[in-house]
Amino acid sequence: FFFFSSRRRHTRCREVSWARRCVQETVSTQSTWDIRSMKEEGRKEKQQKKPKKDNNKEVTRDFTLNLHKRLHKIQFKKRGKRAVREILKFAKKQMWVKDVRMDTELNHFLWKNGIRHMPNKVRVRISKKKNQDEDAKEPFFCLVQHVDVDDFSKLRTENAKAQNLSLIHI
């Protein structure tokens, strides 16, 4: 029985190598001109598909952040500080802004159970606004606020609507 199974395995290897050789032969028979034209067509399609992002406009979006996965294997006495840092890092990455400010309500929400017990998930509104300071280094700043939610199921990243924007105060 052992001899039969090993023999079968070797025949399978021969079949695979034969198939590879056939594929290689068909590729080598195509002219290099065809291959070049196919590459150029692919490049043109890629260039057409990519629209440019306009990072220089004011935007407000709602995000759900999973702090549980970001604080996994973090020492208990360092979880609070790390949670704040992770939220700021996320806002910086999403809005392409270096100047990120956190609202006091969000800070209270994070720290209400102490340094060890951070909430597993947090719903956050991140708004990118123009900087009014004359001597500011960055043209935009980012404000991160807490959005109170009963249930996190079926929540997605979405642009904040005009009626929700009236709740924002600086």
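Residues numbered from 1 in each chain as written. Predicted model: local features only at pLDDT ≥ 70, side-chain atom pairs only at ≥ 80, totals over all residues. Heavy atoms only, no water.

1. Some remarks on the overall build of the protein chain
Point 1. Check the secondary structure of the protein chain and you find six helices and five strands.
Point 2. The helix and strand sequence of the protein chain, counted from the amino end, reads α-α-β-α-α-β-α-β-β-β-α.
Point 3. Expressed as a percentage of the 170 residues in the protein chain, the buried residues total 26%.
Point 4. In the protein chain, the proportion of contacts linking residues at least 24 apart, taken out of those at least 6 apart, comes to 69%.
Point 5. Of the roughly 14100 Å² of accessible surface on the protein chain, 51% is carried by carbon and sulfur atoms. (Helix = DSSP H or I, 4+ residues; strand = E, 2+ residues; numbered from the N terminus. Buried < 20%, exposed > 50% of the residue type's maximum accessible area, 1.4 Å probe, protein only. Contact = heavy atoms within 4.5 Å. Areas by Shrake-Rupley, 256 points an atom, 1.4 Å probe, with all protein chains shown as cover.)

2. Digging into the sheet that holds strand β2 (residues 100–102)
Point 1. Spatial strand order, β2-β4-β3-β1-β5: five strands in an open sheet with mixed pairing. This sheet does not close on itself; its edge strands, each paired only once, are β2 and β5 (158–159).
Point 2. Each of β1 (59–66), β2, β3 (121–130) and β4 (140–146) touches helix α4 (residues 79–95); the most contacted strand, β1, lies at about 140° to it.
Point 3. Taken strand by strand, helix α5 (residues 104–111) contacts β2, β3 and β4, and its axis lies near 45° from that of β4. (Pairing = 2+ DSSP bridges. Axes fitted to C-alpha atoms, helices over the stretch in contact; angles between N-to-C directions.)

3. Quick look at the pattern of salt bridges
Point 1. Considering all chains together, one arrives at five salt bridges under this definition.
Point 2. The residue arginine 123 makes a salt bridge to glutamate 158 at a minimum N-O spacing of 3.8 Å. One end of the pair, arginine 123, is in strand β3; the other, glutamate 158, is in strand β5, and 35 residues separate them in sequence.
Point 3. Residue classification places glutamate 158 among the partly exposed positions, given a relative accessible area of 35%.
Point 4. Among the charged side chains, a network of salt bridges with common partners joins Arg70, Glu86 and Lys89. (Salt bridge = Lys/Arg side-chain N within 4 Å of Asp/Glu carboxyl O.)

4. What about the nonpolar core?
Point 1. Within the largest apolar cluster, 22 residues are counted, with the highest numbers of intra-cluster contacts made by Leu110, Ile126 and Val144.
Point 2. Secondary-structure elements contributing two or more residues to this core are β1, α4, α5, β3 and β4.
Point 3. Not counting residues within four places of it along the chain, the set of residues in contact with leucine 110 comprises Leu67, Val84, Ile87, Met102, Met118, Pro119 and Val122. (Core = buried A, V, L, I, M, F, W, Y, C linked by side-chain atoms within 4.5 Å.)

5. Thoughts on unusual backbone geometry
Point 1. Although it is not a glycine, lysine 73 adopts a positive phi angle of roughly 65°.
Point 2. Within the secondary structure layout, lysine 73 lies in the loop between α3 (67–70) and α4.
Point 3. What makes lysine 73 exposed here is its relative accessible area of 74%.
Point 4. We note that tryptophan 96 has phi near 55°; this positive angle belongs to a residue other than glycine.
Point 5. Mapped onto the fold, tryptophan 96 is located in the loop between α4 and β2.

Read these as geometric descriptors, not functional statements.
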